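# A structural walkthrough
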Number of protein chains: 2
Amino acid sequence: MDKIENSKNYILTPGPTPIPPEVAVKASLPIIHHRSREFVTIYKDVTEGLSYIFQTKREVYILTASGTGAMETAVVNLLSPEDEIIVASCGKFGDRWIKIAKKYGIKVISVSVEWGKVIKPDDIKKSLKLNPNVKAVYTTFVETSTGVANDIKAIGEIVSKTDTILVVDAISGLVGQEFRTDEWKIDVVIASSQKGFMIAPGLAFITLSDKAWKFVETSKIPKFYFDLKKYRKFYMMKETPFTAPVSLIITLQESIKLIKKRGLEKMWDNYKFLARVSRCAMKALGLSIFSEVPCEVVTAALVPLKIGDKIIKILKERYGISIAGGQEHLKGKIIRLAHMGYIDITDLLLGFACLEVALIELGVRIEKGQSIIAIEKELMTECNNY
Amino acid sequence: MDKIENSKNYILTPGPTPIPPEVAVKASLPIIHHRSREFVTIYKDVTEGLSYIFQTKREVYILTASGTGAMETAVVNLLSPEDEIIVASCGKFGDRWIKIAKKYGIKVISVSVEWGKVIKPDDIKKSLKLNPNVKAVYTTFVETSTGVANDIKAIGEIVSKTDTILVVDAISGLVGQEFRTDEWKIDVVIASSQKGFMIAPGLAFITLSDKAWKFVETSKIPKFYFDLKKYRKFYMMKETPFTAPVSLIITLQESIKLIKKRGLEKMWDNYKFLARVSRCAMKALGLSIFSEVPCEVVTAALVPLKIGDKIIKILKERYGISIAGGQEHLKGKIIRLAHMGYIDITDLLLGFACLEVALIELGVRIEKGQSIIAIEKELMTECNNY
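Rules used throughout
- Residues numbered from 1 in each chain as written.
- Chains lettered and ligands numbered in written order.
- Predicted model: local features only at pLDDT ≥ 70, side-chain atom pairs only at ≥ 80, totals over all residues.
- Helix = DSSP H or I, 4+ residues; strand = E, 2+ residues; numbered from the N terminus.
- Rg over C-alpha atoms; globule rule 2.2 N^0.38 Å.
- Buried ≥ 20, exposed ≤ 12 C-beta atoms within 10 Å, placed from the backbone.
- Contact = placed C-beta atoms within 7 Å.
- Domains from an automatic or database assignment.
- Nonpolar A, V, L, I, M, F, W, Y, C, P; charged D, E, K, R; others polar.
- Axes fitted to C-alpha atoms, helices over the stretch in contact; angles between N-to-C directions.
- Parallel < 35°, antiparallel > 145°, perpendicular 65-115°, else oblique.
- Left-handed = near helix turned anticlockwise from the far one by under 90°.
- Least-squares fit on C-alpha atoms with pLDDT ≥ 70 in both.
- Pairing = 2+ DSSP bridges.
- Expected span 1.5 Å × (residues − 1).
- Right-handed = clockwise from strand over helix to strand, strands pointing away.

### Considering the overall build of chain A
The number of helices and strands found in chain A is 13 helices and 14 strands. A compact globule built from 386 residues should have a C-alpha radius of gyration of about 21 Å, and chain A, at 21 Å, falls within 12% of that. Counting only C-alpha atoms and orienting by the principal axes, one finds that chain A spans roughly 60 × 55 × 40 Å. Per-residue burial for chain A yields a buried fraction of 54% across its 386 residues. Sequence-distant contacts in chain A: of pairs separated by 6 or more residues, those separated by 24 or more amount to 72%.

Okay, structure coming up:
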């Protein structure tokens, strides 16, 4: 292997995702002032684009923060200490809702399921009936740690009929998979920049329904940097309350342009196809899909003999391909290959070809070429559908 | 004027500041994963560089946030509700300490001075004696809104002799003006990326003394995203607790390289020179300096007839030059021309030449060319000093 030098790098991780070159170059343009007329125009354009991507008529606010900052925002603005909430978690990021809420003295009623399983909307319905004081239901759209997509539409249907609000972490799923804030009656949605949005990490987003704004009015948890009333006030002026991360927002303007040009529905279709291809390819290698209801942006597969981390190491060091492993108790047991953001079928072809070699190297008995044959088959089917 | 088209843009605002081209291009490089070995290497390099810039042997933590996020971090990690603090404010950003502290139920004893004046270290000394229960003193190094630099060294001397800790907002001053965290005995220092660091907004920094860490241990204000214990834990692993803003950190690595190559002391000398030149040029135009003790990164001058905002509009719209005006009750009354970040004498030459034209247009009686003559004179003196 010493003779071979791989100098290219591929990011097939569930965030950050690759950035399209026409978006990336914008990050290097000379800085402009965040209180200038040019920036106001860009900001207006970007916030309108965000409303489209969130599929909402409401305002979407931009925070300078990681996604977790937006999660915290959705806790400290809506609740008061001692409030009761339901958290429906099915993995690491769902569990983060519990951790944040507990820090702020919130009582958490858990309707969580085992990692790899999907949230049962009916569990939420039952829990809401049993616990009439519950203020809000917090859950996750795509649970990145397990590759599961939850039925947010069904959960929205249930929660919207009550006085409770529904808060959804859509960080990993937004842009990559059908998601309709208004139509699905979701009160609060959060997201961040480094996944489907195809830009670098550093921005987080949040949108709230009128019903949720009433909760903001009565919330008693102190906040300053994440105080949504400030963001709403400055939104009206097409500004941000604190210095905006100008360069990231300028790249966001460009990526929104790409998303609009392509159309969300078409993008959803494409990721759905990539997800199907990935699952077929995993199965062709004898690896079973970990997720009860697989999402369309990352494919999580069980690997034998806890070799997950070894696979990741080989792919990265020998072929420059980054994929993700299992987190916490899933460490070594699963691999996660993402197809979110700026990813297409060519990435999957090279990813799976190298995955085959890595598996063979690690002593897993597979039939060579099977994952590629499976992908080619899916491609042929797709061509015949035209 | 219709025949003239100015297509170049100049940022002479006190943040964001221009970005050196060799730093800016790094923002467009393909994204790398925040949990990869490459990033760990970059992160280690960057955090070591930050310690040099802060002039401290301690760890400096990187937050994904605006500077205000770091201010909030310095409140919620060090204090508990009902705690007493002294805030020594001399402007808008000093006042922000008061606003944040009050949100969290902290009792604020103000030793603030009128905007434009400098904090009197002796006032802090007296107040500490009068209020033995005070936990911490919060103040500002360079008050951007008034162009004043406070004597942090003297304040450090006073506070370090007590059980109280000193927290300094060094957002605008760091890199631009002599600042020595350890030598000046400052417990907590915060800063952000879009000023002296010469990169885009989006990152904030914080460093704490051992004395301050003891306050963290007893703090009872809830926090999650800004919980410094998390940042300390991940620092040891050369990682960040949440997805790091990879592209901003990569530009920071490059700007730190430039700062180290040049040397902090040399940079301080250069900004000191630019500040002296700016003050001379303002005075040559008949404008008096607003700041009792002017800082070295921005020059604030009083303008007649409240034409401050008109000056700014003309400079921006006709010549593409951004400078700042007065904030709140100073609106219209002052102009602020910054020389922080990637700025040199050529920027001042074009800035003042256009400022002269704008003043004449607005009916201010000045003698043409005087600010440029003043700058040239200072340049000659400097040349003779070689």
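### Side note on the domain arrangement of chain A
All names here are of chain A. The assigned domain composition of chain A is domain 1 (10-16 + 263-384) and domain 2 (21-261). Each partner contributes residues to the interface: domain 1 has 25 residues there, and domain 2 has 26 residues. With 4 residues, the single largest contributor to the side of domain 1 that touches domain 2 is helix 10 (residues 264-284). When grouped by side-chain class, the residues that make up the side of domain 1 that touches domain 2 number 16 nonpolar, 5 polar and 4 charged.

### Considering the packing of helix 10 (residues 264-284) of chain B against helix 12 (residues 345-361) of chain B
Residues and elements named next belong to chain B. For the pair helix 10 and helix 12, the least separation of the axes is 11 Å and the interaxial angle reads 15°. In terms of their interaxial angle, helix 10 and helix 12 are classed as roughly parallel. Classified by chirality, the crossing of helix 12 by helix 10 is right-handed. Judged by residue contacts, Leu-274, Val-277, Ser-278 and Ala-281 of helix 10 engage Ile-345, Leu-348 and Phe-352 from helix 12. Each residue belonging to the contact of helix 10 with helix 12 can be placed in one class, and the counts come to 6 nonpolar, 1 polar and no charged.

### Brief notes about the relation of the copies chain A and chain B
Each copy of the sequence occupies a distinct position, and chain A is placed on chain B by a rotation of 180° and an axial shift of 0.0 Å, giving an RMSD of 0.0 Å. Given the turn and translation reported, the copies of this chain are related as if by a two-fold rotation axis. Same-surface contact between copies: 100% of interface residues of chain A are shared with the interface of chain B.

### Things to note about the sheet that holds strand 3 (residues 84-88) of chain A
Residue and element names in this part refer to chain A. Spatially, the 7 strands line up as an open sheet ordered 2-10-9-8-5-3-4, and their pairing is mixed. At either margin of the open sheet sits one strand with a lone partner, and together these are strand 2 (60-64) and strand 4 (107-110). Between one strand and the next, the sheet's axes are offset by a mean angle of 20°, whatever the strand orientation. Bridge count between strand 5 (residues 136-140) and strand 8 (residues 165-169): 5 bridges; the pairing is parallel. Residue pairing for strand 8: Thr-139 is matched across the bridge by Val-168. Across the sheet, helix 4 (residues 92-103) is in contact with strand 3, strand 4, strand 5 and strand 8; its angle to strand 3 comes to roughly 160°.

### A few points about the interface of chain A and chain B
Taken residue by residue, the interface counts 44 residues in chain A and 44 residues in chain B. Going through the elements one at a time, helix 3 (67-76), helix 4 and helix 9 (246-262) of chain A are the ones with two or more residues in the side of chain A that touches chain B. Examining the composition of the side of chain A that touches chain B, we find that 4 residues originate from one element, helix 3 of chain A, more than from any other. Across the side of chain A that touches chain B, the residue classes tally to 22 nonpolar, 18 polar and 4 charged.

### Here we look at the packing of helix 2 (residues 37-53) of chain A against helix 9 of chain A
Residue and element names in this part refer to chain A. Close contact between helix 2 and helix 9 brings their axes to 9 Å; oriented N to C, the two are set at 45°. What the angle tells us is that helix 2 and helix 9 run oblique. Pair helix 2 / helix 9 crosses with left-handed handedness. Residues Phe-39, Ile-42, Tyr-43, Asp-45, Val-46, Gly-49, Tyr-52 and Ile-53 of helix 2 lie in contact with helix 9, whose contacting residues are Val-246, Ile-249, Ile-250, Leu-252, Gln-253, Ile-256, Ile-259 and Lys-260. Residue composition of the contact of helix 2 with helix 9, by class: 12 nonpolar, 2 polar and 2 charged.

### Description of helix 12 of chain B
Residue and element names in this part refer to chain B. Helix length check: helix 12 (17 residues) gives 24 Å between terminal C-alpha atoms against 24 Å at 1.5 Å per residue, within 8%. Within the sequence span of helix 12, burial applies to Leu-348, Gly-351, Phe-352, Cys-354, Leu-355, Glu-356, Ala-358 and Leu-359. Where helix 12 is buried, its residues meet strand 1 (10-11), helix 10, helix 11 (308-319), strand 12 (321-322), strand 14 (334-338) and helix 13 (370-384). Looking one or two places after helix 12, you find Gly-363, whose phi comes out positive at around 85°.

### Regarding the pairing of strand 4 (residues 107-110) of chain B
Residues and elements named next belong to chain B. Looking at chain direction, strand 3 (residues 84-88) and strand 4 are connected through 4 bridges and run parallel. In the sheet register, Ile-86 faces strand 4, and the bridge partner there is Ile-109. What joins strand 3 to strand 4 is helix 4 (residues 92-103), and the crossover it makes is right-handed.

### Some points on the pairing of strand 8 (residues 165-169) of chain B
Residue and element names in this part refer to chain B. Summarising burial for strand 8: 5 of the 5 residues are buried, a large majority. Because side chains alternate across strand 8, one face comprises the buried residues Ile-165, Val-167 and Asp-169, and the other comprises Leu-166 and Val-168, equally buried. Judged from the 3 bridges that link them, strand 8 and strand 9 (residues 188-192) form a sheet pairing that is parallel. Looking at strand 9, one finds that Val-168 is bridged to Val-189.

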